[in-house]
Structure formats: structure tokens, C-alpha cells
Amino acid sequence: QVQLVESGGGLAQTGGSLRLSCVGSGMTFSIYWMYWVRQVPGKGLEWVSGINTEGGTTSYADSVKGRFTVSRDNAKNTLYLQMNSLKPEDTALYYCAGSRRPVPNQKSFEYDYWGQGTQVTVSK
């Protein structure tokens, strides 16, 4: 059974930092493209970041570029999202997701597996 489990969310102040983690199990983690997606209650999904299987290629939404860094450790089956200079508008439920093939369309969200999400709240 494939599982993706996020952790690391919580409450941060504006300008602060958090690091999210996503651990995969029941899957060959290293062959999956991995993504971070967030959702504000009552709003749609927002693509945040993506990383290729080896970690050498990353991409970011304009809203987080320069503040967030995605990385992965395939030996630990873990995906990370380092979030710096947090803003209140970063408040959301953050999901990690994995796809056997790259998903270039940032609005399709057609991933094979999703985690349950971890809440990030940034106070003003």
C-alpha cells in the first residue's frame, strides 16, 4: 500500500520559516516525480513546486519563487519543502503528491498518489 505522509506544518510568524517533509512508503520513491500542492479552504488547488526523480530539476510557482526550496533524499524516501520569508497568504493545507511520469501542466493535478496534507498557518 502506497502512502505519502506529510509533516512539519504548524504556526509561523510572517517572515518566519518552516520545513515540510513527505515520507513515501510502499513505493519505489526514487522513480516518482514529486510535487507540492496547497489549498486554502473554499478555494481550489494551487500548484507550488515540483522536482524530478533525481532532484536535479526543480520548478516553482511565481508566488513562492525565491522563498521556497524543494529537495528530496531518495535514500530516505523523503521530499522536503523549505519555506522561508513566509507570508500570511502562504496559509494553506499543503499536500505532497507523486507521479510516475512528469506532469508538466501545473493545473491538471493528475498525480498517482497524494498525502493527507499538513496545515501551515502564517500569522500577520
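Residues numbered from 1 in each chain as written. Predicted model: local features only at pLDDT ≥ 70, side-chain atom pairs only at ≥ 80, totals over all residues. Heavy atoms only, no water.

Asker: Mind showing me how you'd approach the nonpolar core here?
Answerer: Side chains that are nonpolar tend, in soluble globular proteins, to be buried together. Formed by 33 residues in total, the largest nonpolar core has its most connected members in Trp36, Leu79, Leu81, Met83 and Tyr94. The set of elements that each furnish at least two residues to this core consists of strand E3 (18-25), strand E4 (33-39), strand E5 (45-51), strand E7 (68-73), strand E8 (78-83), strand E9 (92-99) and strand E11 (118-123). (Core = buried A, V, L, I, M, F, W, Y, C linked by side-chain atoms within 4.5 Å. Buried < 20%, exposed > 50% of the residue type's maximum accessible area, 1.4 Å probe, protein only. Helix = DSSP H or I, 4+ residues; strand = E, 2+ residues; numbered from the N terminus.)

Asker: Looking at this structure, how should I read the pattern of salt bridges?
Answerer: Two side chains of opposite charge can pair, provided their charged atoms sit close to one another. Per the counting criterion, the structure on display carries four salt bridges. Measuring nitrogen to oxygen at the nearest pair gives 2.8 Å for the salt bridge that ties arginine 38 to glutamate 46. A relative accessible area of 31% places glutamate 46 in the partly exposed class. For arginine 38, the salt bridge goes to aspartate 90, with nearest N and O atoms at 3.0 Å. (Salt bridge = Lys/Arg side-chain N within 4 Å of Asp/Glu carboxyl O.)

Asker: Is there a simple way to explain the sheet that holds E3 in this structure?
Answerer: Strand pairs in the sheet, formed through backbone hydrogen bonds, run parallel or antiparallel to each other. Spatial strand order, E1-E3-E8-E7: four strands in an open sheet with antiparallel pairing. Where the open sheet ends on each side, the last strands, each with one partner, are strand E1 (3-7) and E7. Strand-to-strand twist across the sheet, computed as the mean angle between neighbouring axes with direction ignored, equals 15 degrees. Taken together, the five bridges between E1 and E3 define a ladder with antiparallel strand orientation. Note that in E3 the partner of serine 7 across the bridge is serine 21. (Pairing = 2+ DSSP bridges. Axes fitted to C-alpha atoms, helices over the stretch in contact; angles between N-to-C directions.)

Asker: Whenever I open this one, unusual backbone geometry confuses me. Can you help?
Answerer: Excluding glycine, residues mostly carry a negative phi; peptide bonds, for their part, are mostly trans. Of note, the phi angle at asparagine 77 is positive, near 55 degrees, even though the residue is not glycine. Mapped onto the secondary structure, asparagine 77 falls in the loop between E7 and E8. At serine 85, a position not held by glycine, the phi torsion is positive, near 50 degrees. Within the secondary structure, serine 85 sits in the loop between E8 and E9.

Asker: Explain the pairing of E7 to me, please; I cannot follow it from the model alone.
Answerer: Covered by surrounding structure in E7 are Phe68, Val70 and Arg72 only, the residues Thr69, Ser71 and Asp73 on the alternate face being uncovered. As paired elements, E7 and E8 share six bridges and run antiparallel to each other. Opposite arginine 72, over in E8, you have leucine 79 as the bridge partner. With antiparallel pairing between neighbouring strands as the criterion, E7 and E8 make up a hairpin whose turn holds four residues, including asparagine 77 at a positive phi of roughly 55 degrees.

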